[in-house]
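Structural characterization, general
What follows is the residue order along each chain.
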Amino acid sequence: MSIYICPTPIGNLEDITLRVLRVLREVDCIAAEDTRHTRKLMNHYQIHTPLVSYHEYNKEVKGDHILAMCMEGKDVALVSDAGTPGISDPGWELVRDAIDAGIDVICLPGPTALIPALLLSGFQTASFIFDGFLPRKKNDRRKYLHELEDEGRTLIFYEAPHRLLGALSDILEILGDRRICIVRELTKVHEEVFRGIVSQAIERFSMNPIRGEIVILIEGVLKPPDEESIIDRK
Ligand code: SAM
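This section reports on the structure supplied with the text. Computed from a prediction, not measured in an experiment: that's the story for all the values here.

In this sheet, strand β7 (residues 154-159) lies alongside strand β6 (residues 128-133) in parallel orientation, the contact comprising four bridges. Residue pairing for β7: Phe133 is matched across the bridge by Tyr158. Once you follow β6 into helix α6 (residues 138-147) and on to β7, the crossover reads as right-handed.

Next up, the structure:
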């Protein structure tokens, strides 16, 4: 009948909505990125719904299977390992195919790493770019950063800890020594927020090897307010 997109905690198990817990209990099946990982959450909340796997490498076959279940009248919840499915995680293709097949899609709001990281940065929130993970290869990353040199919106990226220093050195060279925020292990015991300029971040993270999950936020280029927009707002 329906597909329910269900966000799950990004660290702290309390960060799950009452509605997500109810839906996970009531659906016929939960499609999970990693069934072993999701089982821990289910055990914690005593949820006994059957699980099927739906991940990057089986998404075509399993996606068809999930859509077929919905067309037979079943309800399926989609979860990823952490946060909102479809955000740098498998899921959006399933939503697209469900819409094309006329299946009802319900997206429940809930945790995702980029929004709390944006708020913690203190950078402007009115407009931002979230582009998932920075390109892995140095040349691709440098080319990509060059495209953002004049960007006024706040920039948000997910990054793996072992690539952080490489990314920071390219950011310094290409975007300049501007304000940056690095948010680590959000909602977990070792949550940390670094705020400073890029060169300070390099100094800080060269001393202690960085572990855990991180979000990088870079302040956009600050442009002087133009007169027209000031007049518009009056
Ligand atoms: N679907 C998730 C979401 O809604 O945010 C993102 C999944 S993506 C595969 C994993 C990346 O998200 C990590 O490498 C990290 O950049 C970011 N992330 C996830 N949990 C985090 C946390 N607790 N603290 C900081 N960053 C986190």
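Let us keep going from here.
For the rest of this paragraph, the subject is the sheet that holds strand β8 (residues 179-184). The five strands are arranged β6-β7-β10-β8-β9 in an open sheet whose pairing can be described as mixed. The sheet is open, and its two edges are formed by β6 and β9 (192-197), each paired on a single side. Adjacent strand axes in the sheet meet at a mean angle of 15° when their direction is disregarded. With six bridges joining them, β8 and β9 adopt antiparallel strand pairing. Directly across from Arg179, in β9, lies its bridge partner Ile197. Running at roughly 5° to strand β10 (residues 214-218), helix α7 (residues 164-175) makes contact with β7, β8 and β10 of the sheet.

Let's shift gears to the packing of aromatic side chains. For the structure on display, the rule yields four aromatic pairs. On the numbers, 5.9 Å between centres and 75° between planes, the contact of Tyr144 with Phe157 is edge-to-face. Of this pair, Tyr144 sits in helix α6 while Phe157 is found in strand β7, placing the two residues 13 residues apart along the sequence. With respect to class, Tyr144 is no different from Phe157; both count as buried. Ring geometry for Phe194 against Phe205: centres 5.6 Å apart, planes inclined by 65°, an arrangement best described as edge-to-face.

Okay, the environment of Asp170 next. Looking at the secondary structure, you find Asp170 in helix α7. Overall, the relative accessible area of 0% leaves Asp170 in the buried class. A sequence separation of 29 residues divides Asp170 from Arg141, and the C-alpha atoms of the two residues are 7.9 Å apart. The residues contacting Asp170, other than those within four sequence positions of it, are Lys138, Arg141, Arg142, Leu145 and Leu175.

Moving on, we come to the layout of surface pockets. Empty space among the atoms becomes apparent when a probe as large as a water molecule is rolled across them. Space inside the largest pocket adds up to approximately 450 Å³. Along the walls of the largest pocket sit 25 residues, with Ala82, Ala113, Phe133, Tyr158 and Glu213 positioned nearest its centre. Broken down by secondary-structure element, the contributors of at least two residues to the lining of the largest pocket are β7, β8 and β10. By residue class, the composition of the lining of the largest pocket is 12 nonpolar, five polar and eight charged.

Before going further, it helps to spend a moment on the sheet that holds strand β4 (residues 76-79). A sheet is described by the order of its strands in space; here five strands give the open sequence β3-β2-β4-β1-β5, paired in parallel fashion. For this open sheet the edge positions go to β3 (51-53) and β5 (104-107), each flanked by a neighbour on one side alone. Adjacent strand axes in the sheet meet at a mean angle of 25° when their direction is disregarded. Of the strand pairs in this sheet, strand β2 (residues 29-32) and β4 are connected by four bridges, and their pairing is parallel. Residue pairing in the sheet places Ile30 in a bridge with Ala77 of β4.

Of all residues adjacent to the ligand, which total 18 residues, the nearest are Ile87, Asp89, Thr112, Tyr158 and Ile214. A distance of 3.1 Å separates a nitrogen atom of the ligand from a polar atom in the backbone of Ala82. Between the ligand and the protein, one listed contact pairs an oxygen atom with a backbone N or O atom of Thr84 at 2.9 Å. Surface burial for the ligand is 91%, taken as the share of its 570 Å² of free accessible area covered by protein chains. Among the elements of the structure, β7 and β10 are those that each provide at least two residues to the shell around the ligand. Here the shell around the ligand is composed, by residue class, of nine nonpolar, four polar and five charged.

This next bit is on the packing of α7 against helix α8 (residues 198-207). Running from N to C, α7 and α8 point in directions that differ by 160°, and their axes come no closer than 9 Å. Judged by the inter-axis angle, α7 sits roughly antiparallel to α8. Crossing of α7 against α8: the hand is left-handed. Together, Leu164, Leu165, Leu168, Ser169, Ile171 and Leu172 of α7 and Val198, Ser199, Ala201, Ile202, Phe205 and Ser206 of α8 make up the contact between the two elements.

Cut-offs and rules
Residues numbered from 1 in each chain as written. Predicted model: local features only at pLDDT ≥ 70, side-chain atom pairs only at ≥ 80, totals over all residues. Heavy atoms only, no water. Pairing = 2+ DSSP bridges. Helix = DSSP H or I, 4+ residues; strand = E, 2+ residues; numbered from the N terminus. Right-handed = clockwise from strand over helix to strand, strands pointing away. Axes fitted to C-alpha atoms, helices over the stretch in contact; angles between N-to-C directions. Contact = heavy atoms within 4.5 Å. Phe/Tyr/Trp six-rings, centres within 6.5 Å; stacked < 30°, edge-to-face > 60°. Buried < 20%, exposed > 50% of the residue type's maximum accessible area, 1.4 Å probe, protein only. 1 Å grid on protein atoms, 1.4 Å probe; cavity = no way out; pocket = protein on both sides within 12 Å on 5 of 7 lines; lining within 4 Å. Points joined across faces, edges and corners; volume = space filled by probe spheres on them. Nonpolar A, V, L, I, M, F, W, Y, C, P; charged D, E, K, R; others polar. Near = heavy atom within 4 Å. Polar contact = N/O pair within 3.5 Å; in protein donor to acceptor, adjacent residues only side chain to side chain. Areas by Shrake-Rupley, 256 points an atom, 1.4 Å probe, with all protein chains shown as cover. Parallel < 35°, antiparallel > 145°, perpendicular 65-115°, else oblique. Left-handed = near helix turned anticlockwise from the far one by under 90°.

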